[in-house]
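Residues per chain are reported as follows:
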Amino acid sequence: ISLASKMKTAFCLAALTASASAFAPAQVAKSSTALNGWKDDMVVGITAPVGFFDPLGFSKGKSDAAMATYREAELKHGRVAMAACLGWYITASGVHPAFDSKLSSDPLEAAAQLP
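Residues numbered from 1 in each chain as written. Predicted model: local features only at pLDDT ≥ 70, side-chain atom pairs only at ≥ 80, totals over all residues. Heavy atoms only, no water.

**Student:** Quick question: what am I supposed to make of the overall build of the protein chain here?
**Tutor:** Along its length, the protein chain carries three helices and two strands. Its helices and strands in sequence order give the protein chain the pattern α-β-β-α-α, from N to C terminus. Within the protein chain, buried positions represent 8% of all 115 residues. Considering only residue pairs separated by 6 or more positions, the protein chain has 24% of its internal contacts joining residues 24 or more positions apart. With an accessible surface of roughly 9,900 Å², the protein chain has 67% of that area assigned to carbon and sulfur atoms. (Helix = DSSP H or I, 4+ residues; strand = E, 2+ residues; numbered from the N terminus. Buried < 20%, exposed > 50% of the residue type's maximum accessible area, 1.4 Å probe, protein only. Contact = heavy atoms within 4.5 Å. Areas by Shrake-Rupley, 256 points an atom, 1.4 Å probe, with all protein chains shown as cover.)

**Student:** Sorry, what's going on with the side chain of Ser 59 here?
**Tutor:** Turning to its location among the elements, Ser 59 is positioned in the loop between strand 2 (51–52) and helix 2 (64–92). The exposure class assigned to Ser 59 is buried, which follows from its relative accessible area of 19%. When residues no more than four places from it in sequence are discounted, the contact partners of Ser 59 are Phe 52, Asp 54 and Met 67.

**Student:** Any chance you could explain the confidence of the model for the protein chain here in plain terms?
**Tutor:** In low-pLDDT segments, the atomic positions of the prediction should not be examined closely. In the predicted model, the protein chain carries a mean pLDDT of 76, and 76% of its residues have values of at least 70. By mean pLDDT, the top-scoring element of the protein chain is helix 2 (87), and the lowest-scoring one is strand 1 (residues 46–47) (67). (pLDDT = per-residue confidence, 0-100.)

**Student:** So what exactly am I meant to see when it comes to helix 2 here?
**Tutor:** Each turn of an α-helix holds 3.6 residues, which means side chains three or four residues apart point in the same direction. In a regular helix each residue adds 1.5 Å, so 29 residues correspond to 42 Å; helix 2 covers 42 Å between its end C-alpha atoms and thus fits that length. At the exit of helix 2 stands Gly 94, carrying a positive phi of roughly 100 degrees. (Expected span 1.5 Å × (residues − 1).)

**Student:** What is the right way to read a nonpolar patch on the surface from this model?
**Tutor:** A surface patch of nonpolar side chains, amounting to about 250 Å² of accessible area, comprises Leu 86, Ile 90 and Val 95. Its place among the elements puts Ile 90 in helix 2. Residue Ile 90 is classed as partly exposed on the basis of its relative accessible area of 36%. (Patch = residues over 30% accessible without salt bridge, like charges linked within 9 Å, V, L, I, M, F, W, Y side chains within 5 Å. Salt bridge = Lys/Arg side-chain N within 4 Å of Asp/Glu carboxyl O.)

Below, the structure written as structure tokens:
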């Protein structure tokens, strides 16, 4: 048997094994709930060298519900800030979605140019 036919056979077996594993049932891991989302070993601010990072103590004495609300607010405000930066970059490139790009990219001048 030549080397090329051995390689073809090995490739076919590997492909067959990979395609068969695609239809195997997935392993279901134990899911966590919101009840244990803010326990000390699962908090988002934990890093290896320093542990839990809350230098101003905003989380001291807060309930799990309050911390979940703070976490939601932080995510929402971060997303709004990213959208605002994207809007700033688009307008700074000379494209303004409204007013047919006739406004200045400087926001103060653009406010003065509004009809």
